Amino acid sequence: MQCALYDTGRCRSCQWIELPVSEQLTAKMSDLRSLLEGLPVAEWCAPVSGPEAGFRNKAKMVVSGSVEKPLLGMLHRDGTPEDLTGCPLYPPSFAPVFSALNPFIARAGLTPYNVERKRGELKYLLLTESQHTGEMMLRFVLRSEAKLAQLRTALPWLQAQVPQLKVISANIQPVHMAIMEGETEIFLTEQQALAERFNQVPLWIRPQSFFQTNPKVASDLYATARDWVRALPVAHMWDLFCGVGGFGLHCATPQMRLTGIEIAPEAIASASQSAAELGLTRLHFQALDSTAFATDQGEIPDLVLVNPPRRGIGKALCDYLSQMAPPFIVYSSCNAQTMAKDFRQLPGYRIARVQLFDMFPHTAHYEVLTLLERCPR
């Protein structure tokens, strides 16, 4: 992949961009093998990759510059802004949105936030696209509600320029810290979610709920988990850290009982809506802490699927799973280091299958899907 930002030294986020993708995959597989050294793996599946460019469905842009000449991109460590609207990781459909946003910021009088002076209102722009419908969600992250009236007044012009913008909101983040968003979300459109679809499974993207940024590879990841789970004797399943329900909704059958647990209420609302659309009446999603839920249950499911944040599932949940001893665990990880640490705290299980998913090409990061089976006693 060619990138003018990288070639001129203006952005180094894609640190592996000079390596062919085949070499990137080899290096990632080597890293994964080293992390799982000493833990016997019955089957190493071939790594899965996707497009090299234009694959992201989301842009997170720091807004800097002036209200007349805003700049969308990032800030270097020294505070120097960098325009990232030409990043080749974004699909071509993002370009007209970025072009319309520059004059719109001036029209709405949204002064970019100045980190050094702690002044201004507009901190970030968060743009997300549904691969299924082509519709988009745009979120303005503001320091306060001071400019909300101006934003509302100017919105019809932006919607006329970019009709695919169907969900628009203002997120209020008043703290002077490098935090992307605050708790308050104010919708500026009647529509409040984007419809997405992976492998004929309906999913919903809402503000403040996590959704994978690489749709092609995420779709393959969910389909693989589905195939693994449906090949096992599973009648009752837990989906912990379930997000919008991508894994559980793919794995479930009309006969299966499934409980999905996620701390974010917005994600649970999305998962519940998808289950209703599929007519899956034995799926139950709850907004709870996954570890607290699991350790408070008496019934043992046939399979526990976990998809934790980068910190992993941790010792408390590992200890409980070891004690509870479900026959199968499917572990999806975005951080193989903490995953490997967790595996070493699950001594009653063996690794039946491992597969790497290259969700983040041109970087050292990757996702892993692993099937654990309880060791015979």
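Remember, it's a predicted structure, so these values are computed and weren't measured experimentally.

(A) A nonpolar patch on the surface, seen in detail. On the surface, V175, M177 and I179 cluster together to form a nonpolar patch covering roughly 250 Å² of accessible area. Secondary-structure assignment places M177 in the loop between β6 (165-172) and β7 (184-187). Residue classification places M177 among the exposed positions, given a relative accessible area of 53%.

(B) Region of the structure containing the sheet that holds β7. A sheet is described by the order of its strands in space; here 7 strands give the open sequence β3-β2-β1-β4-β5-β6-β7, paired in mixed fashion. Of all the strands in the sheet, just β3 (81-83) and β7 have a single pairing partner and so form its edges. Within this sheet the neighbouring strands show an average axis-to-axis angle of 40°, counted without direction. As defined by bridge partners, strand β2 (residues 70-75) adjoins β3 across 3 bridges and the pair is classed as antiparallel. For L75, the partnering residue across the bridge sits in β3 and is P81. Where helix α3 (residues 95-108) meets the sheet, it contacts β1 (58-65), β2, β4 (122-129) and β5 (136-142), and its direction lies at approximately 115° from that of β2.

(C) Representation of the sheet that holds strand β10 (residues 236-240) in the model. Pairing within the open sheet is mixed, and its 7 strands lie in the order β12-β11-β10-β13-β14-β16-β15. Both outer strands of the open sheet, β12 (283-287) and β15 (349-357), are each paired with one neighbouring strand and no more. Ignoring which end each strand starts from, the neighbouring axes of this sheet average 15° apart. Contacts from helix α5 (residues 215-230) reach β10, β13 (303-306), β14 (328-333), β15 and β16 (367-374), with the element oriented near 155° to β15. Relative to β14, helix α10 (residues 336-343) is tilted by about 155°, and along the sheet it contacts β14, β15 and β16.

(D) The arrangement of unusual backbone geometry in detail. One non-glycine residue, Q200, lies in the positive phi region at around 65°. Of note, Q200 is situated in the loop between β8 (194-198) and β9 (201-205). A positive phi angle, near 55°, is found at A325, a position not held by glycine. Inspection of the secondary structure assignment puts A325 in the loop between α9 (314-324) and β14.

What counts and what doesn't
Residues numbered from 1 in each chain as written. Predicted model: local features only at pLDDT ≥ 70, side-chain atom pairs only at ≥ 80, totals over all residues. Heavy atoms only, no water. Patch = residues over 30% accessible without salt bridge, like charges linked within 9 Å, V, L, I, M, F, W, Y side chains within 5 Å. Areas by Shrake-Rupley, 256 points an atom, 1.4 Å probe, with all protein chains shown as cover. Salt bridge = Lys/Arg side-chain N within 4 Å of Asp/Glu carboxyl O. Helix = DSSP H or I, 4+ residues; strand = E, 2+ residues; numbered from the N terminus. Buried < 20%, exposed > 50% of the residue type's maximum accessible area, 1.4 Å probe, protein only. Pairing = 2+ DSSP bridges. Axes fitted to C-alpha atoms, helices over the stretch in contact; angles between N-to-C directions. Contact = heavy atoms within 4.5 Å.

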